[in-house]
Amino acid sequence: MKYFDFRSDTVTVPSIEMRKAMADAEVGDDVFGDDPTMNALQERVAKMTGKEAALFVASGTMANVCAIMAHTRPGDEVIVEREGHTFVYEVAAPAVLGGIQLNPLPGDHGILEVGQIEQAIRPDDVHQPPTRLIVLENTHNRGGGKIYPFDNIQAIAEFARGKNINMHLDGARLFNASVATGIPIKDYASQFDSIMFCFSKGLGAPIGSIIAGSREFIRRAHRIRKMLGGGMRQVGILAAAANYSLDHNIERLADDHVNAKRLAFGLAQIKGFTIDPNTVDTNIVVIDVSASQYSVSEIVSKFKEQNVLVVPFGRTFIRAVTHLNVSTDDVDQTIRIARQIFG
Ligand code: TLP
């Protein structure tokens, strides 16, 4: 059964060639630090991000949790964005596991201005938790795949440095931003004390994310990873998939961006669907369906009956994500199906 699966770029399945690379990987016990393929991947990512060290983890959520905990102590405050993944989708892990208070600021499509951050910094006051870390998300998932303007990042980073506050980047889809803007990963990374990105999204690997930062930071993150039960053994198989994704699947993200725009233009014509295709920066299409005669759940299930999979995204939105397993033809067929169902 052929599905048009736009639920997420996490649904990508490893290609035959990627699986072959996985099968051929040299492996060892990574808890002993013995997995040569993993060690090489971590070195590769440290180099490509311009950081001293890197650490592979099981998921994007684990990457953010390890990073936030490695930067903080219980009782610290971390500035995040109100629609950000760390605040909305990480099951309050920083609070539960790290004793952290998150301070969520409202962004414009997930983007914060330095002035908002300046106002949110806690004074040196015995009553208040110290602001220790700022987390930005690029691209911004709930912001509709929005790219963080580099100027904003720079202004926030410069301010944070002046205040001795660390910066962490949730770069789950940083390669989408980099391919779309032409700004190298290293340039983005240079503005942050730590960054993470995911192999298991648009890059098409089955599992895994990676954190990069200073050697001391990675040493702390490593211990936290172990505490979370994230010490894994013959992970070279996963490192091989990740390496393959870096070798083969970065530049092609541009195709996903073209397809997302095409999908947005098509769906913008559907009755009750509201989206400005010009706001689609990368591979995420968020559509306001509040003007439709159907509810979000009705729309999702009507699509599903025709083998088109999308997800609800809040009470009045649906989300469709393009990725390496959806073709331009799939996009065109999906637009045709939407016209048939919704007019
Ligand atoms: N996002 C998933 C869902 O959790 C919503 C998706 O389908 O988009 N940071 C960002 C910006 C993310 O979008 C995600 C995953 C993560 C972190 C967490 O990654 P995983 O799912 O590997 O824990």
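Please refer to the structure higher up on the page.
Below: a short report on this structure.

Reading guide: rules and limits
- Residues numbered from 1 in each chain as written.
- Predicted model: local features only at pLDDT ≥ 70, side-chain atom pairs only at ≥ 80, totals over all residues.
- Heavy atoms only, no water.
- Helix = DSSP H or I, 4+ residues; strand = E, 2+ residues; numbered from the N terminus.
- Rg over C-alpha atoms; globule rule 2.2 N^0.38 Å.
- Buried < 20%, exposed > 50% of the residue type's maximum accessible area, 1.4 Å probe, protein only.
- Contact = heavy atoms within 4.5 Å.
- Areas by Shrake-Rupley, 256 points an atom, 1.4 Å probe, with all protein chains shown as cover.
- Lys, Arg positive; Asp, Glu negative; His and termini not counted.
- Charge placed at Lys NZ, Arg CZ, Asp CG, Glu CD.
- Pairing = 2+ DSSP bridges.
- Axes fitted to C-alpha atoms, helices over the stretch in contact; angles between N-to-C directions.
- Parallel < 35°, antiparallel > 145°, perpendicular 65-115°, else oblique.
- Left-handed = near helix turned anticlockwise from the far one by under 90°.
- Nonpolar A, V, L, I, M, F, W, Y, C, P; charged D, E, K, R; others polar.
- Patch = residues over 30% accessible without salt bridge, like charges linked within 9 Å, V, L, I, M, F, W, Y side chains within 5 Å.
- Salt bridge = Lys/Arg side-chain N within 4 Å of Asp/Glu carboxyl O.

**Comments concerning the overall build of the protein chain**
Moving on, step 1. Across its full length, the protein chain holds 14 helices and 12 strands.
Moving on, step 2. A globule of 343 residues ought to have a C-alpha radius of gyration of about 20 Å, and the protein chain, at 20 Å, matches this closely.
Moving on, step 3. Projected onto the principal axes, the alpha-carbon positions of the protein chain cover approximately 60 × 55 × 35 Å.
Moving on, step 4. For the protein chain, the proportion of its 343 residues judged to be buried stands at 54%.
Moving on, step 5. Summarising the internal contacts of the protein chain: among those between residues at least 6 apart in sequence, 75% fall at separations of at least 24.
Moving on, step 6. Taken as a whole, the protein chain presents about 14,900 Å² of accessible surface, with 50% of it coming from carbon and sulfur.
Moving on, step 7. Charged side chains in the protein chain number 35 positive and 40 negative. The centres of these two groups are separated by 3 Å.

**Focus on the sheet that holds strand E2 (residues 53–57)**
Moving on, step 1. The strand order across the open sheet built from 7 strands is E2-E8-E7-E6-E5-E3-E4, with neighbouring strands paired in mixed fashion. Of all the strands in the sheet, the pair left with one neighbour each is E2 and strand E4 (101–105). The mean angle between the axes of side-by-side strands here comes to 20°, regardless of whether they run parallel or antiparallel.
Moving on, step 2. Against the sheet, helix H10 (residues 215–227) contacts E2, strand E7 (194–198) and strand E8 (209–213), and its axis sits at roughly 20° relative to E2.

**Topic: the sheet that holds strand E11 (residues 311–312)**
In a beta sheet, neighbouring strands pair by backbone hydrogen bonds and run either parallel or antiparallel.
Moving on, step 1. The strand order E9-E12-E11 describes an open sheet built from 3 strands, whose pairing is antiparallel. Where the open sheet ends on each side, the last strands, each with one partner, are strand E9 (284–288) and E11.
Moving on, step 2. Bridge analysis of E11 against strand E12 (residues 317–321) gives 2 bridges, and the strand direction is antiparallel. Bridging from a neighbouring strand, Val311 pairs with Arg319 of E12.
Moving on, step 3. Strands E9 and E12 of the sheet are contacted by helix H12 (residues 253–267), whose axis makes an angle of about 15° with E9.
Moving on, step 4. Packing against the sheet, helix H13 (residues 296–305) makes contact with E11 and E12, and its axis sits at approximately 35° to E12.

**Considering the packing of helix H1 (residues 16–23) against helix H11 (residues 236–248)**
Moving on, step 1. Contact pair H1 / H11: the axes reach a minimum separation of 8 Å and the direction vectors enclose 140°. Comparing their axes, H11 and H1 come out oblique. Note on packing geometry: the crossing formed by H1 with H11 is right-handed. Where H1 approaches H11, its residues Glu17, Met18, Ala21 and Met22 are matched on the opposing element by Ile237, Leu238, Ala240, Ala241, Tyr244 and Ser245.
Moving on, step 2. By residue class, the composition of the contact of H1 with H11 is 8 nonpolar, 1 polar and 1 charged.

**Topic: the packing of H12 against helix H14 (residues 328–342)**
Moving on, step 1. The geometry of H12 relative to H14 is characterised by a closest axis approach of 10 Å and an angle of 15° between their N-to-C directions. The angle between the axes of H12 and H14 places the two elements in the roughly parallel class. Handedness of the crossing formed by H12 with H14: right-handed. For the pair H12 and H14, the contacting residues are Asn259, Arg262, Leu263, Gly266 and Leu267 in the first and Thr328, Val331, Asp332, Thr334, Ile335 and Ala338 in the second.
Moving on, step 2. Each residue belonging to the contact of H12 with H14 can be placed in one class, and the counts come to 5 nonpolar, 4 polar and 2 charged.

**Considering a nonpolar patch on the surface**
Moving on, step 1. Taken together, the side chains of Phe87, Val88 and Tyr89 define a hydrophobic patch exposed on the protein surface, amounting to about 230 Å² of accessible area.
Moving on, step 2. Relative to the helices and strands, Val88 is located in helix H4 (residues 85–88).
Moving on, step 3. Relative accessible area serves as the criterion here: at 36%, Val88 is assigned to the partly exposed category.

**What about the pattern of salt bridges?**
Close approach of charged atoms allows side chains of opposite charge to pair.
Moving on, step 1. Here the structure, examined in full by the defined rule, presents 15 salt bridges.
Moving on, step 2. Between Asp247 and Arg44 there is a salt bridge, with the nearest N and O atoms lying 2.7 Å from each other. Here Asp247, found in helix H11, pairs with Arg44, found in helix H2 (residues 36–49); they are 203 residues apart in sequence, far enough to count as distant.
Moving on, step 3. When the shortest N-O distance is used, the salt bridge between Asp76 and Arg132 registers 2.9 Å. Placement of Asp76 in the loop between helix H3 (60–71) and strand E3 (77–81) and of Arg132 in strand E5 (residues 131–137) is noted, with a sequence separation of 56 residues between them.
Moving on, step 4. Residue Asp76 is classed as buried on the basis of its relative accessible area of 3%.
Moving on, step 5. By sharing partners, the salt bridges in this structure join Glu216, Arg219 and Arg220 into a single network.

Interpretation note: all reported values are geometric properties and have no functional meaning in isolation.
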